Amino acid sequence: MSVAIIDYEAGNLTSVQRALTKLGADSIITADPEAIARADRVIFPGVGAAASCMGNLQRSGMDQALRAAVASGRPVLGICVGMQLLLGHSAEDGGVDCVGLLPGQVRRFEPADSSLKVPHMGWNPVRFAAGEPLAVGIEAGSAFYFVHSYYCQPERSADVMAWSDHGHEFCAGVRCDNLAAVQFHPEKSGPVGLKFLANFLEA
Amino acid sequence: MSLLKRVIVCLDVRAGQVTKGIKFQGNVDLGDPVEYARRYYEQGVDELVFYDITASAEQRDLFIDVVERVAAEIFIPFSVGGGIRSVDSMRQVLLAGAEKVSVNSPAVRDPSLITGGAKAFGAQCVVLGMDAKKVPATAAIPSGYEVVIDGGRTPTGKDALAWAKEAEDRGAGEICLNAIDTDGVRNGYELTITRMVADAVGIPVIASGGGGEPQHLVDAVTTGGADAALIASMVHYGDYTVDGIKTAMRAAGVGVR
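Keep in mind that this is a model prediction, so the values were computed, not measured.

J.: How do you make sense of the packing of aromatic side chains when you look at a structure like this?
T.: The relative placement of two aromatic rings is captured by the distance of their centres and the angle of their planes. Enumeration according to the criterion identifies 15 aromatic pairs over all chains in this entry. Ring geometry for A:Phe146 and A:Phe170: centres 5.8 Å apart, planes at 80°, overall edge-to-face. Taken as a pair, A:Phe146 in strand β10 (residues 143-148) and A:Phe170 in strand β13 (residues 169-176) lie far apart in primary sequence, 24 residues in all. Taken together, the ring pairs in this structure connect A:Phe109, A:Phe128, A:Phe144, A:Phe146, A:Tyr151, A:Phe170, A:Phe184 and A:Phe196 into an aromatic cluster. Positioned above the aromatic ring of B:Tyr36 is the side chain of B:Arg39, whose terminal nitrogen or guanidinium carbon lies 4.6 Å from the ring centre. Above the face of the A:Trp123 ring, B:Arg257 is positioned so that its terminal group lies 3.7 Å from the ring centre.

Here you go:
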């Protein structure tokens, strides 16, 4: 089992790699399209602001490598900003066109209740869609670790595979065939996060 | 369902060993930080803080090694404080595997450290650590809580509430508010200043200093309005476990993981 973590200079990618190492998977952090094409699994992480991440993604040509990986049918997992960039457009940084592999928008949390803080940071219970393969063996209501100020609004309800709440229900995960992505950080979500990543390795 | 309240365990590290002092005086070495971290991780702690209390050049490598070993074993967020005096020193601990950095005295001396860190790594990476001391309210310190630095030894003349707001404006993503008068004595958190800061800022606030029994943590996140409570001695000496504390918090109606 080999995993390619797409390197487009978007934040700290090593925490994902450490979790994969713990799970016994070989992984590389790479910006080489051929290495990404050879890997059994591809992870598209991301920490930071949408505009700079999207800029780095295009400059590095990694947007093409990502599209190729999704088109090849191999399992691809987006994490955090790596999920948001899959949609069509993000409201962050005054508006950014994203990769557009899934139709939808990324919006900022604007809670009416001032006790709800932005960024949405911490542990929040997640509900998964029935039969979601990445949630196998994860107890219902398990909490995962989130750090984000923007959230995804996919156009097709069938693409949503996980939900959480921050002032209102929001999409915490998407799936469209071999492409899955989550807003939370499985690599920082303790034992349930590791189980989620193990399910991805077995998918 | 919504965001859960966090229980955070703080580990003071000196010469590669967990240590615990009382009111910043008299330290006792307790053992290997990675062993402690693993124990609390298995007990369900939500986050860890590692504080390099010596931050001397010769012991810094030892500390970075601790951070790297923790990151390889522990898959929850953890932050690192002590010895963070520049954006470069922030980068060093983030690359070693920390999720966040905590800045305290150096940020008071040079507030641009907060701004610079937030710009380079994002607000979510920068925690303002603040030691506050109760003083008579004056025109300069209207809240009646003064920021003190250097482990409580140096008063700054800064109002704790005003400093919290300034730090938020400068891009801090979280505030860890430590009440110097209650730190290490386990009689409960300083709820007044905790509530004042929690109400005044839009970023999460961690109550620190004084946790001695589960009810204190309940008070911090209800009466005190904090998003998280930080503990140390109550678990280090084996009086309580993290899961035991969380069970008690849950029974008191607080949502925890």
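J.: Would you mind showing me how to read the environment of A:Arg38 here?
T.: Residue and element names in this part refer to chain A. For Arg-38, the location among the structural elements is in helix α2 (residues 33-38). In sequence terms Arg-38 and Leu-20 are 18 residues apart; their C-alpha atoms lie 17 Å from each other. Beyond its immediate chain neighbours, meaning those up to four positions away, Arg-38 contacts Ser-2 and Arg-74.

J.: Please explain empty space enclosed by the protein as it appears in this structure.
T.: Over the atoms, a rolled probe matching the size of one water molecule traces out where space is still vacant. For the coordinates displayed, the defined rule picks out two cavities of 30 Å³ or more. One number sums up the size of the second largest cavity: a volume of about 30 Å³. Every residue lining the second largest cavity is listed: A:Ser15, A:Arg18, A:Glu187, A:Lys188, B:Ala71, B:Ile74, B:Phe75 and B:Gly97. Across the lining of the second largest cavity, the residue classes tally to three nonpolar, two polar and three charged.

J.: How should I be thinking about the pairing of strand β4 (residues 47-52) of chain B in this particular structure?
T.: Consecutive side chains of a regular strand alternate in pointing toward one face of the sheet and then the other. All names here are of chain B. Across the six residues that make up β4, a large majority, five, are buried. By the bridge criterion, six bridges tie strand β1 (residues 6-14) to β4 in an arrangement that is parallel. Residue pairing in the sheet places Ile-8 in a bridge with Glu-47 of β4.

J.: When you look at the environment of A:Glu9 in this model, what are you seeing that I'm missing?
T.: Residue and element names in this part refer to chain A. Secondary-structure assignment places Glu-9 in the loop between β1 (2-6) and α1 (14-22). Overall, the relative accessible area of 68% leaves Glu-9 in the exposed class. With 126 residues separating them along the chain, Glu-9 and Ala-135 place their C-alpha atoms 29 Å apart.

J.: Mind showing me how you'd approach helix α4 (residues 62-71) of chain A here?
T.: All names here are of chain A. Within the span of α4, buried status applies to Met-62, Asp-63, Ala-65, Leu-66, Ala-69 and Val-70. Angularly, the buried residues of α4 cover 160° about the axis, an arc narrow enough to put them on a single face. Following α4 by one or two positions, Gly-73 has its phi on the positive side, about 90°.

J.: What should I look at first to understand the interface of chain A and chain B in this one?
T.: One frequently used descriptor of interface size is the decrease in accessible area upon assembly of the parts. In this assembly, 26 residues from chain A lie in contact with 33 residues from chain B. Carbon and sulfur atoms supply 60% of the area that chain A and chain B bury against each other, a total of about 2,500 Å² over both sides. Considering only the surface of chain A that becomes buried against chain B, A:Lys117, A:Met121 and A:Trp123 emerge as the three largest contributors, covering 31% of it. Between chain A and chain B we count three salt bridges in total. The salt bridge partner of B:Glu99 is A:Lys188, with a shortest N-O separation of 3.4 Å. Along the contact surface separating chain A from chain B lie nine residue pairs in polar contact (both at pLDDT 80 or more). Of all the secondary-structure elements, those providing two or more residues to the side of chain A that touches chain B are α1, β8 (120-125), β10 and α6 (190-202) of chain A. Per-element accounting of the side of chain A that touches chain B gives the leading share, six residues, to β8(A). Its residues assigned to classes, the side of chain A that touches chain B shows 11 nonpolar, eight polar and seven charged.

J.: In this structure, what is going on with the side chain of A:Asn56? I would like to understand it.
T.: Along the chain, A:Asn56 falls in helix α3 (residues 50-60). Apart from residues no more than four positions distant in its own chain, A:Asn56 is found in contact with A:Tyr8 and A:Glu9.

Each value, and the rule that gives it
- Residues numbered from 1 in each chain as written.
- Chains lettered and ligands numbered in written order.
- Predicted model: local features only at pLDDT ≥ 70, side-chain atom pairs only at ≥ 80, totals over all residues.
- Heavy atoms only, no water.
- Phe/Tyr/Trp six-rings, centres within 6.5 Å; stacked < 30°, edge-to-face > 60°.
- Helix = DSSP H or I, 4+ residues; strand = E, 2+ residues; numbered from the N terminus.
- Lys NZ or Arg CZ within 6 Å of the ring centre and 35° of its normal.
- Contact = heavy atoms within 4.5 Å.
- 1 Å grid on protein atoms, 1.4 Å probe; cavity = no way out; pocket = protein on both sides within 12 Å on 5 of 7 lines; lining within 4 Å.
- Points joined across faces, edges and corners; volume = space filled by probe spheres on them.
- Nonpolar A, V, L, I, M, F, W, Y, C, P; charged D, E, K, R; others polar.
- Buried < 20%, exposed > 50% of the residue type's maximum accessible area, 1.4 Å probe, protein only.
- Pairing = 2+ DSSP bridges.
- Arc of directions from axis to C-beta.
- Buried area = accessible area lost by both parts, 1.4 Å probe.
- Salt bridge = Lys/Arg side-chain N within 4 Å of Asp/Glu carboxyl O.
- Polar contact = N/O pair within 3.5 Å; in protein donor to acceptor, adjacent residues only side chain to side chain.

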